[in-house]
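Notes for the structure review
Here's the letter readout for the chains.
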Amino acid sequence: MLLFDSANNVRISASRRWWLLGALLLVAISRLWRLAEVGAPDSDSVRDWQIIQQMVHGDFSQLFHHGSPGFSVFYLPVALVAHRFVVLQTINALLGVAGLGFFVAWVSRQARLNGPETAGLALLGGTSLLLTFSGRDFTMSSLNLVLFAGLLRSHFARLQQPNSAALPRVALWLALGLSIDYKFLFTIPILVVLEWWQSDGLWRQPRTWGRVLGILAAPYFLFGALGWQVGLPWYRWLAFYVRVAVPKTANLAGRQATMSLDITYYLRYLGSFESPLLLLGLGLAAWLVLRQWQAGGWAATRQWTVLSYLLVWAALLLGGMSLVVKAPRGLLFAYLPLAALAVLSGRRVLPGWALAGVLLAAVGQNLFRIQRELYAPLPTHYPQVAAWLQQHGATRIASTVGLNLTPYLNNRQILTVITDERQLPALRRQGVQYVLFDGYRQVAGVARFDSLAAQRPVAAWPEPALHRPLLFLEHSEYTGLSYVETLAACQAAQADSLPLRLYRLQ
């Protein structure tokens, strides 16, 4: 099977399996809890949903939006029978739990964790604030975790038992990942470093090179051909990569640069919003591996353990992502390796009862943060906005930057997103009746609505979710603001108690 090989295919014991399933059930409950009240956590979720709805009706013009054609095609069969946003959102949430289980089962087998340690790892990683937040949206994050776990498993097996079939398996997981999300490009330098360190000659085999390159090129040919069939340029997918790396113009928030050296951003985020065990585990794992290296064991044999392997991934992801514009999701691939390092290193220095106590305390702290950041702001008030508009016969509506109202509108209503109040006179002439002064504009850092804000609304609602620090931090990649600047912007936005305000266009 492609998912397993002799190095990974050690059966997990029945005891560990039940411990893992129990932990995954608890994580699934935390992901699905009040999910119907969340709505769309961000505009990317709505945009992904819209693209798939367009594809259902035969419009493939946005196939390469976000450089993720595989994501849209993956969900297309589901969208053919389930059109509601919350249905796709629920499936995506469960997919994230499956990715967690895929990763934890592998680590448990490799490190021979017992049942409580296996459950502790699943709960520590699964209750991460960022992974819970991204596990309740409708973006590529959940599917990314499934494919990333497969990539780690296959590449670790290749390092342990190199053979002619090993690297093509790695290439297959990487190709699938690149089809789903361009962020898998960031895994390539780490794979190169690991292969350089391994230096076992496997790459010198021409046949291996050919098979790997063929597998990696296959999605670009297949999706390129599909794009060409629907009228898109053959280079559209590759052009997306170029525009991400070298933006032609600044975005609406004024950010154009893609590089931003800030080694404190992720350390501050992890220290303030995630379990302290993640950074403690990273430091302890580095000390344990360094001590083994100094003893000559690992350096002499080059035998990778799951601890040393995940340490390299976590450290290089943390260091590498600190060079580009940042948001917590930039460390998406690092959260589970960091959680694993905490458990794997902790079991080396603590007795079992002490490790269990530490993990329970950390999970409790995570749940407290989830309650504060994700559950407390619920329910969303966008459905009330949509109900008001329907009661007043509104069919044409404008919104300042945000798309979050879209899933609640009916088929007769059209939402137009504006990025500047100077667009309103033309929209008024086109029949737009109302404009939603959406607080999402503050999250995205777009401030071009001063005169509109001075007018008197016809209706207004609170929306506490728009004032949560995590949402602002998740958009700091878009705004280009530093960690401190982003939290300051969040604090300023909290002064607006009614961030959803409707205005009648006269």
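Residues numbered from 1 in each chain as written. Predicted model: local features only at pLDDT ≥ 70, side-chain atom pairs only at ≥ 80, totals over all residues. Heavy atoms only, no water.

1. Thoughts on the nonpolar core
Note the threshold: We call a set of buried Ala, Val, Leu, Ile, Met, Phe, Trp, Tyr and Cys residues a nonpolar core when their side-chain atoms join them within 4.5 Å. Relative accessibility under 20% of the residue-type maximum defines a buried residue, over 50% an exposed one, and the middle range a partly exposed one, all with a 1.4 Å probe and only protein chains included. Only heavy atoms enter the contact rule, under which two residues are in contact if any of them lie within 4.5 Å.
Grouped together as the largest cluster of nonpolar side chains are 140 residues, with contacts concentrated most on Phe103, Tyr269, Tyr309, Leu310 and Trp313. Beyond its immediate chain neighbours, meaning those up to four positions away, tyrosine 269 contacts Leu129, Leu130, Glu274, Pro328, Tyr335, Leu470, Leu473 and Tyr483. Core analysis: the next-biggest nonpolar cluster, separate from the first, contains twelve residues, Leu76, Phe223, Trp237 and Tyr241 among them.

2. Quick notes on the pattern of salt bridges
Worth spelling out the cut-off: We define a salt bridge as a side-chain nitrogen of Lys or Arg found within 4 Å of a carboxyl oxygen belonging to Asp or Glu. Counting from the N terminus, the helices are DSSP H or I runs at least four residues long and the strands are E runs at least two residues long.
Under the definition given, this model contains eleven salt bridges. With a closest N to O distance of 2.8 Å, arginine 158 and aspartate 200 form a salt bridge. Here the residue arginine 158 occupies a position in helix 7 (residues 141-160), and aspartate 200 occupies one in the loop between helix 9 (187-198) and helix 10 (206-229), the gap between them amounting to 42 residues. For the salt bridge of glutamate 373 with arginine 372, the shortest nitrogen-to-oxygen distance reads 3.5 Å. When salt bridges with common partners are traced through the structure, they connect Arg158, Glu195 and Asp200 into a single cluster.

3. Points about a nonpolar patch on the surface
The criterion, for reference: Like charges within 9 Å and nonpolar side chains (Val, Leu, Ile, Met, Phe, Trp, Tyr) within 5 Å are joined into patches, using only residues over 30% in relative accessible area that form no salt bridge. Residue burial considers only the protein chains on display, and all accessible areas are found by Shrake-Rupley using a 1.4 Å probe.
The grouping of Leu25, Leu26, Ile29 and Trp33 at the surface amounts to a nonpolar patch, some 430 Å² of accessible area in total. Here isoleucine 29 falls in the partly exposed class, since its relative accessible area comes to 44%.

4. Some details on the pairing of strand 1 (residues 396-400)
For clarity, the cut-off: Strand pairing follows a simple DSSP-based rule, namely that at least 2 bridges must link the two strands.
Burial analysis of strand 1 places four of its five residues in the buried class, which makes it a mostly covered element. Note: strand 1 against strand 2 (residues 414-418), five bridges, orientation parallel. By the bridge assignment for strand 2, threonine 400 is matched with isoleucine 418. Alignment of strand 1 against strand 3 (residues 434-438), held across three bridges, turns out to be parallel. Considered in strand 3, the bridge of alanine 398 is made with valine 435.

5. A short note on the UniProt feature "transmembrane region" (unreviewed entry) in the chain
Here is the rule: UniProt positions are given in the numbering used here, feature names are shortened, and annotations may be inferred rather than shown by experiment.
In the numbering used here, UniProt assigns the "transmembrane region" (unreviewed entry) feature to residues 18-36, 85-107, 119-152, 172-197, 209-228, 266-290, 306-325 and 330-346. The straight-line gap between the two end C-alpha atoms of residues 85-107 is 34 Å; of that span, 100% is helix and 0% is strand. A helix fraction of 71% and a strand fraction of 0% characterise residues 330-346, whose end C-alpha atoms lie 26 Å from each other.

6. Digging into the confidence of the model for the chain
What counts is decided by this rule: For every residue, the pLDDT score states the predictor's confidence, bounded by 0 at the bottom and 100 at the top.
In this model, the chain carries a mean pLDDT of 93, and residues with pLDDT of at least 70 account for 96%. Note that residues 1-7 has pLDDT below 50 and, in this model, 17 contacts with residues that lie over four places away or in other chains.

7. Description of the sheet that holds strand 4 (residues 459-461)
Condition: For helices, the axis comes from a line fit to the C-alpha atoms of the stretch in contact; other axes are also lines fit to C-alpha atoms, and the angle between any two N-to-C directions lies between 0 and 180 degrees.
Pairing in this open sheet of five strands is mixed, and the strands run 2-1-3-5-4 from one edge to the other. The sheet is open, and its two edges are formed by strand 2 and strand 4, each paired on a single side. Averaged over neighbouring strand pairs, the angle between their axes works out to 20 degrees when direction is ignored. For strand 4 and strand 5 (residues 500-504), the ladder comprises three bridges, and the chain directions are antiparallel. Along strand 5, the bridge assignment pairs tryptophan 461 with leucine 500.

8. Digging into the packing of helix 2 (residues 43-56) against helix 3 (residues 69-81)
Our working definition: A clockwise turn of the near helix away from the far one marks a right-handed crossing, whereas an anticlockwise turn of less than a right angle marks a left-handed crossing. Lys, Arg, Asp and Glu make up the charged group, whereas Ala, Val, Leu, Ile, Met, Phe, Trp, Tyr, Cys and Pro make up the nonpolar group; the residues left over, Gly among them, are polar.
Relative to each other, helix 2 and helix 3 sit at 65 degrees, their axes nearing to 9 Å. For the pair helix 2 and helix 3, the sense of crossing is right-handed. The segment helix 2 lies against helix 3, with Asp48, Ile51, Ile52, Gln53, Met55 and Val56 engaging Phe71, Ser72, Val73, Tyr75, Leu76, Ala79 and Leu80. Its residues assigned to classes, the contact of helix 2 with helix 3 comprises ten nonpolar, two polar and one charged.

9. Quick notes on the packing of aromatic side chains
Each pair of aromatic rings is reported with the distance of its centres and the angle of its planes. Stated formally: Only Phe, Tyr and Trp rings are paired, with Trp represented by its six-membered ring, and only when their centres lie within 6.5 Å; those with planes under 30 degrees apart are stacked, over 60 edge-to-face, the remainder tilted. Should the NZ of a Lys or the CZ of an Arg lie within 6 Å of a ring centre and within 35 degrees of the ring normal, that charge is described as sitting over the ring.
Per the stated rule, a full pass over the model turns up 31 aromatic pairs. Taken together, a centroid distance of 4.5 Å and an interplanar angle of 20 degrees make the contact between phenylalanine 148 and phenylalanine 333 stacked. Taken together, the residues span a long stretch of sequence, with phenylalanine 148 in helix 7 and phenylalanine 333 in the loop between helix 15 (306-321) and helix 16 (335-349) at a distance of 185 residues. Here phenylalanine 333 falls in the buried class, since its relative accessible area comes to 5%. Sitting above the plane of the phenylalanine 437 ring, arginine 441 keeps its charged end 3.6 Å from the centroid. Between the NZ or CZ atom of arginine 504 and the centre of the ring of tyrosine 434, over which it lies, the distance is 4.9 Å.

10. Regarding the pairing of strand 5
For strand 5, a buried count of four out of five residues is recorded, marking the element as mostly surrounded by other parts of the structure. Pairing of strand 3 with strand 5 involves five bridges; the strand directions are antiparallel. Bridge pairing in strand 5 links aspartate 438 to leucine 500.

11. Some thoughts on unusual backbone geometry
Each neighbour pair has its own omega, and for leucine 378 with proline 379 the value is 0 degrees, a cis peptide bond. For proline 379, the position within the fold is in the loop between helix 17 (352-375) and helix 18 (382-391). For histidine 66, which is not a glycine, the phi torsion comes out positive at approximately 65 degrees. Within the secondary structure, histidine 66 sits in the loop between helix 2 and helix 3. Its relative accessible area of 22% is what places histidine 66 among the partly exposed residues. Backbone geometry places valine 401, a non-glycine residue, at a positive phi of 75 degrees. Looking at the element boundaries, valine 401 is found in the loop between strand 1 and strand 2.

12. Some thoughts on the environment of leucine 172
As for its placement among the helices and strands, leucine 172 is situated in helix 8 (residues 166-180). Assessed through its relative accessible area of 28%, leucine 172 is described here as partly exposed.

13. Re the packing of helix 4 (residues 85-111) against helix 16
For the record, the criterion: By definition in this entry, angles of less than 35 degrees are roughly parallel, angles greater than 145 are roughly antiparallel, angles of 65 to 115 are roughly perpendicular, and the rest are oblique.
Following both chains from N to C, one finds helix 4 and helix 16 inclined at 30 degrees, their axes separated by 11 Å at the closest point. Our classification of the angle between helix 4 and helix 16 gives roughly parallel. The two elements helix 4 and helix 16 cross, and the hand of that crossing is right-handed. Residues Leu100, Phe103, Val107 and Ala111 of helix 4 lie in contact with helix 16, whose contacting residues are Leu336, Pro337, Ala340, Leu344 and Arg347. For the contact of helix 4 with helix 16, a count of residues per class yields eight nonpolar, no polar and one charged.

14. Some words on helix 9
To be explicit about the condition: Multiplying one less than the number of residues by 1.5 Å gives the expected span of a helix. The arc in question is the one traced by the directions running from the helix axis out to the C-beta atoms.
Here helix 9 is twelve residues long and its end C-alpha atoms lie 17 Å apart, about the 16 Å a rise of 1.5 Å per residue gives. All of the buried residues along helix 9 are Thr187, Ile190, Leu191, Leu194, Glu195 and Gln198. The buried residues of helix 9 occupy one face: seen down the axis, they fall within an arc of 135 degrees. Facing away from the buried surface of helix 9 by more than 90 degrees, the exposed residues are Val192 and Trp196. Two residues or fewer past helix 9, serine 199 is found with a positive phi of approximately 45 degrees.

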